[in-house]
Amino acid sequence: MSDASGTGIDRPAPALGLPIVLIGPMGAGKSRVGARLAASVGAPFVDTDSLIEARYGPIDQIFAREGEEYFRVVERELVAEALREEAVVSLGGGSILHADTRADLADLAVVWLKVSAEAVAARLAGGNRPLLAEGGIERWIAIQAERAPVYASLADLEIDTSRRSVARLVDTITDHFGGTR
Ligand SMILES: Nc1ncnc2c1ncn2[C@@H]1O[C@H](COP(=O)(O)OP(=O)(O)OP(=O)(O)O)[C@@H](O)[C@H]1O
Ligand SMILES: O=C(O)C1=C[C@@H](O)[C@@H](O)[C@H](O)C1
Ligand SMILES: [Mg+2]
């Protein structure tokens with residue numbers, strides 16, 4: 001262990017408290033950054049959209065068949081499970097719409113990944129996101145504006161991903177929450 005303290009005493013790096021939760025709008029990088037962060041600190045990675053799809057099938061089909069309200073109920077169930085894990089957890093963009101999820105997040109380490117409309121436009125191309133099926137980037141802008149105050153109220157750390165590499169984002173998050181696992 002290196003001695004960065006200058007005291008001459010080797011101290012272990014502080015443990016990274018888990019879960020660390022990534023929130024933010026569609027295309028901000030929650031899945032990609034979350035996976036890399038988890039690998040970097042040696043923690044499991046949980047992505048609630050993937051959990052939903054594994055249990056209930058493709059998200060766009062859930063929206064089409066059952067509607068958004070039903071999707072939010074299913075999403076809450078899996079978000080609640082995910083937040084009990086000692087893991088890096090990436091939440092679906094709209095999961096913070098549920099009051100119980102907002103209450104859970106109040107006690108956890110939460111990172112808001114932000115992205116500009118200019119940068120996200122290319123990232124969303126070809127995606128399968130039911131809320132953007134009509135309206136595209138204009139709809140993304142409206143949804144993001146509506147949710148931004150909620151993301152802000154929940155976040156311990158906010159980072160603009162528009163012009164930052166995934167590796168740099170991982171370093172910023174690890175540094176903020178203190179060291180290794
Ligand atoms: N820092 C980054 N720089 C450039 N491209 C990125 C960055 N982070 C993610 N991307 C790319 O942007 C796209 C969206 O990323 P990702 O799927 O991680 O977003 P998300 O927040 O999980 O969105 P959603 O869950 O709505 O799909 C992917 O193609 C990913 O490779
Ligand atoms: O922002 C949203 O409401 C969504 C984001 C995605 O992660 C998915 O959870 C789904 O497409 C809805
Ligand atoms: Mg994702």
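Numbers given to residues run from 1 along each chain, matching the order in which its sequence is written. For naming, the first written chain is A and the first written ligand is 1, with later ones following in the order written. Given that this is a predicted model, residues contribute local features only at a pLDDT of at least 70 and side-chain atom pairs are listed and counted only at 80 or more, while totals for whole chains, interfaces and linings are drawn from all residues.

- Going by the annotation in an unreviewed UniProt entry, the name recorded for the chain is Shikimate kinase, with Agromyces terreus given as the source organism.
- The record held by UniProt for the chain lists under Subcellular location (unreviewed entry) the comment "Cytoplasm". UniProt positions are given in the numbering used here, feature names are shortened, and annotations may be inferred rather than shown by experiment.

1. Section: the overall build of the chain
Next up, step 1: In terms of regular secondary structure, the chain is built from eight helices and five strands.
Next up, step 2: Listed N to C, the secondary structure of the chain is β-α-β-α-α-α-β-α-β-α-α-β-α in terms of helices and strands.
Next up, step 3: Counting only C-alpha atoms, the chain reaches 60 × 35 × 25 Å along its principal axes.
Next up, step 4: In the chain, which comprises 181 residues, the share counted as buried stands at 31%.
Next up, step 5: Placing a C-beta atom from the backbone of each residue, one calls two residues in contact when those atoms lie within 7 Å. In the chain, 76% of the contacts between residues at least 6 apart in sequence involve partners at least 24 apart. By the criteria applied, helices consist of DSSP H or I runs no shorter than four residues and strands consist of E runs no shorter than two, each listed in order from the N terminus. For every residue, the other C-beta atoms within 10 Å of its own C-beta are counted; 20 or more classify it as buried, 12 or fewer as exposed, and values in between as partly exposed. C-beta atoms are placed from the backbone.

2. A word on unusual backbone geometry
In terms of backbone geometry, most residues other than glycine have negative phi values and most peptide bonds are trans.
Next up, step 1: Residue Pro19 follows Leu18 across a cis peptide bond; omega there is 5°.
Next up, step 2: Within the secondary structure layout, Pro19 lies in the segment before β1 (20-23).

3. Overview of the environment of Val111
Next up, step 1: If you trace the backbone, Val111 turns up in strand β4 (residues 109-114).
Next up, step 2: The class of Val111 is buried, set by 26 C-beta atoms lying within 10 Å.
Next up, step 3: Distance from Val111 to Asp156, taken between C-alpha atoms, is 6.1 Å for residues 45 residues apart in sequence.
Next up, step 4: With near-sequence residues (within four places) excluded, Val111 lies in contact with Ile20, Leu22, Ala155, Leu157, Ile159 and Ile173.

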